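What follows is each chain in one-letter form.
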Amino acid sequence: MEPLLRAADASLDRLYQAVGGVGCCVLLADREGIPVERRGAVADDDTFAEWGLWTGSVWSEDAEGTNGIGTCLADQRALTIHRDQHFFSRNTLLSCTTAPIYDHEGNLAAALDVSSCRSDLTESFVNLIAVAVGDAARRIEAENFRLAFSNARILLAPVVERSTGALIAVDADDLVVGATRSARLALGITQQVLARGLPAADILGGSAKAAEDLDDAERGVVQRAIARADGNVSAAAHNLGISRATLHRKLA
């Protein structure tokens, strides 16, 4: 969980700033349903600790029946378990809104939860919390993905929903080396496809051709060198390790 915790830190703070003032706490649980990180007001600590809304508690569905964290992990979907929807009567004063978090390979990794013991929590406010939790979960996934592929270019995948969570990582050879769960589902990307090698042009669309040749590849290298040298042919030739005359012939 350590890399994910680093990626989640800022988003947990931001989420708590949004919901902490109305008596909610924020929990990040691992895939076993055990909170490993928490944000909450010091004044509420005793109350939340008594209710088990604390790191080290076990909120798996096997242990607690229907509950926000456990049921979210079991169903792998965002949900709200409100008060008497909990399985055990001891949990029926809680309202828990939870979203799943997937790692850089698209596997279920954690659950992000906002819980409250307030009896006056309205349905409309719960809906606002659900939106905030979902947005925070996607930000955590995106940041974790960027950290996992820190040496690659991170691109927004061309999916119909234009989801900000649909990201792909592209290496220096323009091969896709990683994809978030949203991108994998939308584009049919699997680990086997990535292992074989997937050209980014094949999924990004545009004017990419099915067949490539060395002339096309060389043309791209020359164009990039000229662009990086701000149109200076001598500088571009130097950067490419060829003579100015050779570069002029290639330009022609």
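The rules we used
- Residues numbered from 1 in each chain as written.
- Predicted model: local features only at pLDDT ≥ 70, side-chain atom pairs only at ≥ 80, totals over all residues.
- Heavy atoms only, no water.
- Helix = DSSP H or I, 4+ residues; strand = E, 2+ residues; numbered from the N terminus.
- Rg over C-alpha atoms; globule rule 2.2 N^0.38 Å.
- Buried < 20%, exposed > 50% of the residue type's maximum accessible area, 1.4 Å probe, protein only.
- Contact = heavy atoms within 4.5 Å.
- Areas by Shrake-Rupley, 256 points an atom, 1.4 Å probe, with all protein chains shown as cover.
- Polar contact = N/O pair within 3.5 Å; in protein donor to acceptor, adjacent residues only side chain to side chain.

Student: Would you mind showing me how to read the overall build of the chain here?
Tutor: When its secondary structure is counted, the chain shows eleven helices and eight strands. Its C-alpha atoms give the chain a radius of gyration of 24 Å, more than 25% over the compact-globule value 18 Å for 252 residues. In terms of its C-alpha atoms, the chain occupies a principal-axis envelope of roughly 80 × 35 × 30 Å. Here the chain holds 252 residues, and 41% of them are scored as buried. Across the chain, the fraction of contacts at a sequence separation of at least 24, relative to all contacts at a separation of at least 6, is 47%. Only carbon and sulfur atoms are counted for the fraction: they give 50% of the accessible area of the chain, which is about 13600 Å².

Student: Is there a simple way to think about helix H4 (residues 68-75) in this case?
Tutor: A large share of H4 lies buried, amounting to six of its eight residues. All of the buried residues along H4 are Gly68, Ile69, Gly70, Thr71, Cys72 and Leu73.

Student: Quick question: what am I supposed to make of unusual backbone geometry here?
Tutor: Residues other than glycine predominantly adopt negative phi, and peptide bonds predominantly adopt the trans conformation. Although it is not a glycine, arginine 83 adopts a positive phi angle of roughly 45 degrees. Within the secondary structure, arginine 83 sits in the loop between strand E3 (79-82) and strand E4 (95-102). The exposure class of arginine 83 is partly exposed, given its relative accessible area of 21%. Here the phi dihedral of aspartate 174 falls at roughly 60 degrees; this positive angle occurs in a residue that is not glycine. Within the secondary structure, aspartate 174 sits in the loop between strand E7 (167-170) and strand E8 (176-179).

Student: How do you make sense of the side chain of serine 95 when you look at a structure like this?
Tutor: Along the chain, serine 95 turns up in strand E4. There is a polar contact of 2.9 Å between the side chain of serine 95 and the side chain of histidine 82. For serine 95, the residues in contact, after removing those within four places along its chain, are Thr80, Ile81, His82, Arg83, Val114, Ser115, Ser116, Leu121 and Val126.

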